[in-house]
Amino acid sequence: MTRIVQPPESSIELLTRAYALAGVTILELAESLGVILPHKLLHGKGITGQLLEQCLGATAQSKAQPDFVHLGIELKTIPVNSLGKPLESTYVCTTPLTYSANIQFEESVVYQKIRHVLWVPIITDKKKSLSNRRIGTALLWQPTPDDLAILRTDWEEHMEQIMLGDLEKITAHQGVYLQIRPKAANSRARRLGINSDGNLITTLPRGFYLRPQFTQMILQKNYW
DNA sequence: GGATGATCATAT
DNA sequence: ATATGATCATCC
């Protein structure tokens, strides 16, 4: 998608733009941008996030960088029910599977993406169509020290398992706030990884995700 | 009903 | 081919 909106110059400007979208439906947003919505969300799972990126002036890249690089802010749309409860987990970034060097949590892509997030709730009724989902009140958020302590521990445990070459032992059951799940076109997709003997292997691509319990806590703490 | 593992579209 | 944008589909 082409960018027709200039990037916001400050976090305040970004938040002001986001607030102005509260109450707008996805159909209205799409029409204002001249975008035709897919008839089924199955064939346009990422469209909501892409519409928000476009109208908020995100620096449209597919990189391991926050959406607003100059502000260090990541944009996340999050589907919520009428009570504000998240309906899905939140993808963070690709999980490195050939990891070896000594890297600290604060240097990780996970941290760079999570340290400052503009959450845009999308009020969603899964029985209804994408077009009548409605944008909620945005929240500019940073993790608390307690949040960070848990996220750091989760990340360290995941990365240790990867460094030990235990890729096939990874399961979504692991991690308090941050989990690892498949992130691929399908279950036959393969990426390079390292096994417990230190040899290169191919394995299922994975991504880091935030559990809904965590994002629910974020939203409810900040809206209530 | 909620979580895990699987999947779809697009940009680069 | 891989990363980002996510939600779907099935199992418990």
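Look a little higher up for the structure.
Residues numbered from 1 in each chain as written. Chains lettered and ligands numbered in written order. Predicted model: local features only at pLDDT ≥ 70, side-chain atom pairs only at ≥ 80, totals over all residues. Heavy atoms only, no water.

Asks: I would appreciate a short explanation of the overall build of chain A in the present structure.
Replies: Helices and strands together make up the secondary structure of chain A, namely six helices and nine strands. Radius of gyration (C-alpha) of chain A: 18 Å, near the 17 Å computed for a compact globule of 224 residues. Here the C-alpha coordinates of chain A stretch approximately 55 × 40 × 35 Å along the principal axes. For chain A, the proportion of its 224 residues judged to be buried stands at 44%. Carbon and sulfur atoms make up 52% of the accessible area of chain A, which totals about 12200 Å². Distance between charge centroids for chain A: 9 Å, based on 24 positive and 20 negative side chains. (Helix = DSSP H or I, 4+ residues; strand = E, 2+ residues; numbered from the N terminus. Rg over C-alpha atoms; globule rule 2.2 N^0.38 Å. Buried < 20%, exposed > 50% of the residue type's maximum accessible area, 1.4 Å probe, protein only. Areas by Shrake-Rupley, 256 points an atom, 1.4 Å probe, with all protein chains shown as cover. Lys, Arg positive; Asp, Glu negative; His and termini not counted. Charge placed at Lys NZ, Arg CZ, Asp CG, Glu CD.)

Asks: Would you mind going over the protein's contact with DNA strand C with me for this structure?
Replies: The environment of DNA strand C is made up of 26 residues, and the closest members are Asp67, Thr77, Tyr91, Thr94 and Lys183. Each atom of DNA strand C within 4 Å of the protein was assigned to sugar, phosphate or base; sugar and phosphate come to 66%. Here lysine 126 contributes a side-chain N or O atom positioned 3.2 Å from a phosphate oxygen of DNA strand C. Every element with two or more residues in the surface near DNA strand C is listed here: helix 3 (47–56), strand 1 (74–80) and strand 2 (90–94). Considering every element that reaches the surface near DNA strand C, the biggest residue donor is strand 1, with four residues. Here the surface near DNA strand C is built from residues that sort into seven nonpolar, six polar and 13 charged. (Near = heavy atom within 4 Å. Polar contact = N/O pair within 3.5 Å; in protein donor to acceptor, adjacent residues only side chain to side chain. Nonpolar A, V, L, I, M, F, W, Y, C, P; charged D, E, K, R; others polar.)

Asks: When you look at the packing of aromatic side chains in this model, what are you seeing that I'm missing?
Replies: Evaluated as defined, the whole model comprises six aromatic pairs. With centroids separated by 5.6 Å and ring planes inclined at 65 degrees, the aromatic side chains of tyrosine 91 and tyrosine 209 adopt a geometry described as edge-to-face. Within this pair, whereas tyrosine 91 is found in strand 2, its partner tyrosine 209 is found in strand 9 (residues 206–210), the two being separated by 118 residues in sequence. Of the residues examined, tyrosine 91 reaches a relative accessible area of 26% and is grouped as partly exposed. (Phe/Tyr/Trp six-rings, centres within 6.5 Å; stacked < 30°, edge-to-face > 60°.)

Asks: What is the right way to look at empty space enclosed by the protein in this model?
Replies: By rolling a water-sized probe across the atoms, one finds the places where empty space is left. Throughout the structure, instances matching the rule amount to one cavity of 30 Å³ or more. Lining the largest cavity are Glu74, Lys76, Thr90, Tyr91, Val92, Lys113, Ile114, Val117, Trp119 and Leu210. Contributing elements (two or more residues each) for the lining of the largest cavity: strand 1, strand 2, helix 4 (109–114) and strand 3 (117–123). Here the element with the most residues in the lining of the largest cavity is strand 2; it accounts for three residues. (1 Å grid on protein atoms, 1.4 Å probe; cavity = no way out; pocket = protein on both sides within 12 Å on 5 of 7 lines; lining within 4 Å. Points joined across faces, edges and corners; volume = space filled by probe spheres on them.)

Asks: Is there a simple way to think about the sheet that holds strand 9 in this case?
Replies: Remark on secondary structure: sheet strands pair via backbone hydrogen bonds, oriented parallel or antiparallel. Reading across the sheet, the three strands line up as 2-9-6 and stay open at both edges, with antiparallel pairing between neighbours. The sheet terminates laterally at strand 2 and strand 6 (178–182), the two strands that pair on one side only. The mean inter-strand angle of the sheet, taken between neighbouring strand axes irrespective of direction, is 40 degrees. Note: strand 2 against strand 9, four bridges, orientation antiparallel. (Pairing = 2+ DSSP bridges. Axes fitted to C-alpha atoms, helices over the stretch in contact; angles between N-to-C directions.)

Asks: Can you walk me through the layout of surface pockets in this structure?
Replies: Estimated volume of the largest pocket: approximately 1400 Å³. Looking at the largest pocket, it is lined by 39 residues, and the ones nearest its centre are Lys45, Gly46, Thr77, Tyr91 and Lys183. For the lining of the largest pocket, the secondary-structure elements that each account for two or more residues are helix 3, strand 1, strand 2 and helix 4. Along the lines of polarity and charge, the residues of the lining of the largest pocket split into 14 nonpolar, 13 polar and 12 charged. As a volume, the second largest pocket reaches approximately 190 Å³. What lines the second largest pocket is simply Val80, Asn81, Ser82, Leu83, Gly84, Pro121, Ile123, Gly136, Thr137, Leu219, Gln220 and Tyr223. Going through the elements one at a time, strand 3 and helix 6 (212–223) are the ones with two or more residues in the lining of the second largest pocket. A per-element tally of the lining of the second largest pocket places helix 6 first, with three residues.

Asks: Is there a simple way to think about the environment of arginine 190 in this case?
Replies: As for its position among the elements, arginine 190 is in the loop between strand 6 and strand 7 (191–194). Arginine 190 sits in the partly exposed class, given a relative accessible area of 43%. In contact with arginine 190, not counting residues within four places along its chain, are Thr202, Thr203, Leu204 and Pro205. (Contact = heavy atoms within 4.5 Å.)

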